[in-house]
Amino acid sequence: MTGFPGSPRTLKGAIVAYAFPDLVPSVVVFQYNPETLTRSLSPRTSQGGGTEPQRADGPPEESISLTMEIDAADQLEKADPLAVSVGLHPVLAALEGLLYPPLPLVIANQALSLAGGAFIAGEPVPIALLIWGPARVLPVRVESISITEQAFDPNLNPILAKADVSLKVLTYRELEPSSPAYWVYMASFTQKEVMAALNLATGTGLLGVRLPI
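Reference entry: report on the structure contained in this document.

Calculation criteria
Residues numbered from 1 in each chain as written. Predicted model: local features only at pLDDT ≥ 70, side-chain atom pairs only at ≥ 80, totals over all residues. Heavy atoms only, no water. Helix = DSSP H or I, 4+ residues; strand = E, 2+ residues; numbered from the N terminus. Buried < 20%, exposed > 50% of the residue type's maximum accessible area, 1.4 Å probe, protein only. Contact = heavy atoms within 4.5 Å. Core = buried A, V, L, I, M, F, W, Y, C linked by side-chain atoms within 4.5 Å. Salt bridge = Lys/Arg side-chain N within 4 Å of Asp/Glu carboxyl O.

One can find P25 in the loop between strand 1 (14–18) and strand 2 (26–29). On the basis of relative accessible area, P25 is assigned to the partly exposed category, the value being 31%. Along the primary structure P25 and A128 are separated by 103 residues, whereas in three dimensions their C-alpha atoms are 9.3 Å apart. Setting aside residues no more than four positions away along its own chain, P25 makes contact with V16, A17 and Y18.

Okay, structure coming up:
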C-alpha cells in the first residue's frame, strides 16, 4: 500500500494449510508479495492415442514457483517480544510444516509401532491452498522449499531469509469429491471458464474477421 491518499489497498498473498480434522489452519502470509510468480502448464495426453490426437486425459498439470522474502527488521525495530526472542523461526516453522504430517498422528503411529501394531495409519501432509487474490485460490501440494537464511541476531536466530517455493496444483484427478480441496479446485476451474468467456467476447471483436468454424 502506498502513502498516497486514496491508493488501493494491496492484498497479501498467502498459503493456508488445513490438517483435518483440526479446523484451525496454519497460515503463511507473504510479508512482501513475490515480485514474480512462475506458472508452468503441460497437457495430459490421452494414453489411447489412435485417431483422436486432441483428446486429453484430464486438466493440464500445473506447477507454480515463487520466492518469498522474509524480514524481521520492522518487528525488531518495534521491539516485538517474539521477534526479539526467536527471530523468524515461527514463520519458517509454519512454512516448513507444509511438508510435515501432523505431529499427533506421527506420535500415535510410533506408539502403535512400538506396541507391535499391525496397522499403521498413513501420515498425510496438510491440504494447502495458495491464495493469490480473489481470482486465484488453488489447492496445491508443496513440492519443495529451499530456504536461504541471510542474517542472524546474536543468538543465531534468523532475522532475514529467502524461501524458494515450488507448488503443484491439485486437480479433480488427484482429489476425491469428499475433500473440500476438490470443490476449491472446481470453483477455480469454473472461474477460469468465465474469464475465458470474457476474453472471447473482447477478442472476437478485435479480430475483425469472421471465424472459419
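Moving on, we come to the nonpolar core. Core analysis: the biggest nonpolar cluster contains 29 residues, and M68, L130 and L167 have the highest contact counts within it. If you list the elements that add at least two residues to this core, you get strand 1, strand 4 (61–71), helix 3 (89–96), strand 5 (127–131), strand 6 (137–152), strand 7 (158–169) and helix 5 (180–207). If we skip the residues at most four places from it in the chain, L130 touches A14, I15, F30, I64, L66, R136, V137, L138, V140 and L167.

Using the criterion set out here, one finds four salt bridges in the structure. For R44, the salt bridge goes to E174, with nearest N and O atoms at 2.8 Å. Placement of the pair is R44 in the loop between strand 3 (37–42) and strand 4 and E174 in the loop between strand 7 and helix 5, with a sequence separation of 130 residues. Relative accessible area serves as the criterion here: at 13%, R44 is assigned to the buried category. One salt bridge connects R141 with E143, and the closest N-O pair in it is separated by 3.0 Å. E143 sits in the partly exposed class, given a relative accessible area of 44%.

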